[in-house]
Amino acid sequence: MKNYETIVIGGGAAGIVASISAARAGGSVVICEKMPQLGRKILASGNGRCNLLNDDLRPEFYNATARTLVETIFRKFNKSRMLSFFENLGLKTYSREGRIFPVTNQAASVLKVLEMELQRLSVPVEYNFNCSAISSSRSGIIVSSQDGKEISGTKIIITGGGKTYPAFGADGNIYEIARTLGHTIIEPIPCAVPLVVKDNLCFLLQGQRILARVHSIIDGKTGESIQGELLFTRYGLSGTCILDVSEEISLALHRQHKNDVSLVVDMVPFMEKEELRNIIVRRRKGKVAAEDLLAGILPNKFGAVLKSIPEKDDIDAIITSLKERHFKISGTRGWNEAEFTGGGVAVAEVNPETLESRIKKNVYFAGEILDVNGKRGGYNLAWAWASGWVTGLTG
Ligand SMILES: Cc1cc2nc3c(=O)[nH]c(=O)nc-3n(C[C@H](O)[C@H](O)[C@H](O)COP(=O)(O)OP(=O)(O)OC[C@H]3O[C@@H](n4cnc5c(N)ncnc54)[C@H](O)[C@@H]3O)c2cc1C
């Protein structure tokens, strides 16, 4: 049986950086990766451009339960250390509106420099190694694969990711291993995910993108207002403001099992009601056809929807339907379309200084497998890099 000082389970963002950090510290390291290649999710990140971190990594951009842990880990591997880590690998980056990307605008560049460093450090990778069990032996810990391979080590770093985009490798099977070690798994929910709405308006306007402001109403409680692009789709709503609001909605639907979940959409956030009213009144007086009442304000396709509004209809009702349109949310598009996972291994069960399990000695966790999730904008990869780095250091 092959033996290493450190076995890293999962070769995604967290696992690769954990391996680099452990190998630089001088120990023997192996990566056990389920897929035939490393870093599939890195390649898909940022629409193929990889938004690798953010200029502002304050803990408040992460889920409340994880903030103290995030703060502790970012103190050890902060933004400037992350940037110099990549700079030293030869990756040039730039920042746009706080989001940091490789200058090549290619996620493949990020993965390439990481893989080159693994090669330089002679870190072996066991591909197609689907870890299915971790057990103790007299000399340390044994990691077994589904097809019967075994590797032994002293220290195990588990970086098997969350449940999103299962085709890229992380499909949640790693939670079972954490559970068998005695860990609590906070129920995983899909985040940054499009929403399902049974409303004919979405069907009629599918493909249309507008600037909108949205907020949730969950059991009568109003959520934070978020502005950004909204995309109408055949099944409901997508676009950046929907992805940003989706976490609280997903939580309400999937973890709290609430039924009374809706979204209020302001489809003309750049105009006050009065201004909108004046335009509609003026155009109606000028005998403008119903379908052209909002020409120049909303895409022309909205005309077909307005056409069905009778002339006598109350202008207030029209304005309300544009500025406070309620959509009842019936679901999310689930794991195949979510960008990250909320939930995972409970953060109270790891040592915040090292990320070592408080339950099983010499077992560490990093990346999305932990109940740590940040906003869109580079926060999830930043967590993966930093937590991976810290787990590689100790032991
Ligand atoms: C489409 C998309 C776009 C995104 N864009 C961004 C972005 O631009 N910026 C940002 O910050 N975040 C982004 N994210 C989120 C970010 O990519 C993830 O949070 C991050 O990659 C998590 O890293 P990780 O190493 O923890 O997990 P992963 O990258 O998921 O890696 C886990 C690895 O473990 C392997 N594995 C799983 N189970 C086993 C097992 N049993 N045995 C062996 N190996 C196993 C998997 O195959 C995988 O390679 C995006 C996510 C998606 C899906």
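Residues numbered from 1 in each chain as written. Predicted model: local features only at pLDDT ≥ 70, side-chain atom pairs only at ≥ 80, totals over all residues. Heavy atoms only, no water.

K.L.:
Tell me about the sheet that holds strand β3 (residues 53–54), residues and numbers included.
P.N.:
Spatially, the 3 strands line up as an open sheet ordered β3-β5-β4, and their pairing is antiparallel. The sheet terminates laterally at β3 and β4 (93–96), the two strands that pair on one side only. One ladder, built from 4 bridges, connects β4 with strand β5 (residues 99–102); its direction is antiparallel. Across the sheet, residue Y94 finds its bridge partner in β5, namely F101. (Pairing = 2+ DSSP bridges. Helix = DSSP H or I, 4+ residues; strand = E, 2+ residues; numbered from the N terminus.)

K.L.:
How would you explain the domain arrangement of the protein if you had to name every residue and give the values?
P.N.:
One frequent convention defines the size of an interface as the accessible area lost when the parts assemble. Assigned domains within the protein: domain 1 (2–190 + 341–393) and domain 2 (195–332). Measuring from the centre of the C-alpha atoms in domain 1 to the corresponding centre in domain 2 gives 39 Å. Contacts between domain 1 and domain 2 engage 8 residues on the former and 9 residues on the latter. Taken together, both faces of the contact between domain 1 and domain 2 bury some 800 Å²; the carbon and sulfur share is 44%. Seen at the junction of domain 1 and domain 2, the total is 1 salt bridge. The partner of R376 in a salt bridge is D244, with the nearest N and O atoms 2.9 Å apart. Counting the contacts that link domain 1 with domain 2 gives 4 residue pairs in polar contact (both at pLDDT 80 or more). (Domains from an automatic or database assignment. Contact = heavy atoms within 4.5 Å. Buried area = accessible area lost by both parts, 1.4 Å probe. Salt bridge = Lys/Arg side-chain N within 4 Å of Asp/Glu carboxyl O. Polar contact = N/O pair within 3.5 Å; in protein donor to acceptor, adjacent residues only side chain to side chain.)

K.L.:
So what's going on with the state of the cysteines? Residues and values would help.
P.N.:
For the coordinates displayed, the defined rule picks out 0 disulfides. This cysteine, C131, is not joined by any disulfide, and C32 carries the nearest cysteine sulfur, 7.1 Å off. Taking the relative accessible area as the measure of exposure, C131 reaches 4% and is therefore buried. C202 takes part in no disulfide bond, and the closest cysteine sulfur, belonging to C241, lies 12 Å away. The class for C202 is buried, based on a relative accessible area of 0%. (Disulfide = S-S within 2.5 Å. Buried < 20%, exposed > 50% of the residue type's maximum accessible area, 1.4 Å probe, protein only.)

K.L.:
Any chance you could break down the side chain of T354 for me, citing the residues and the numbers?
P.N.:
The residue T354 is located in the loop between β18 (340–345) and β19 (363–365) in this model. Residue classification places T354 among the buried residues on the basis of a relative accessible area of 15%. A polar side-chain atom of T354 sits 3.1 Å from the main-chain amide nitrogen of E356. Aside from chain neighbours lying at most four places away, what touches T354 is Y364, V390, T391 and T394.

K.L.:
An account of the packing of helix α3 (residues 67–76) against helix α12 (residues 379–393) is requested, with residue identities and associated values reported.
P.N.:
Relative to each other, α3 and α12 sit at 70°, their axes nearing to 9 Å. With respect to their mutual orientation, α3 and α12 come out roughly perpendicular. Helix-helix and strand crossings are classified by hand; for α3 and α12 the assignment is left-handed. For the pair formed by α3 and α12, the contact residues are L69, V70, I73, F74 and K76 on the first element and A382, W383, A386, S387 and V390 on the second. Looking at side-chain class alone, the contact of α3 with α12 contains 8 nonpolar, 1 polar and 1 charged residues. (Axes fitted to C-alpha atoms, helices over the stretch in contact; angles between N-to-C directions. Parallel < 35°, antiparallel > 145°, perpendicular 65-115°, else oblique. Left-handed = near helix turned anticlockwise from the far one by under 90°. Nonpolar A, V, L, I, M, F, W, Y, C, P; charged D, E, K, R; others polar.)

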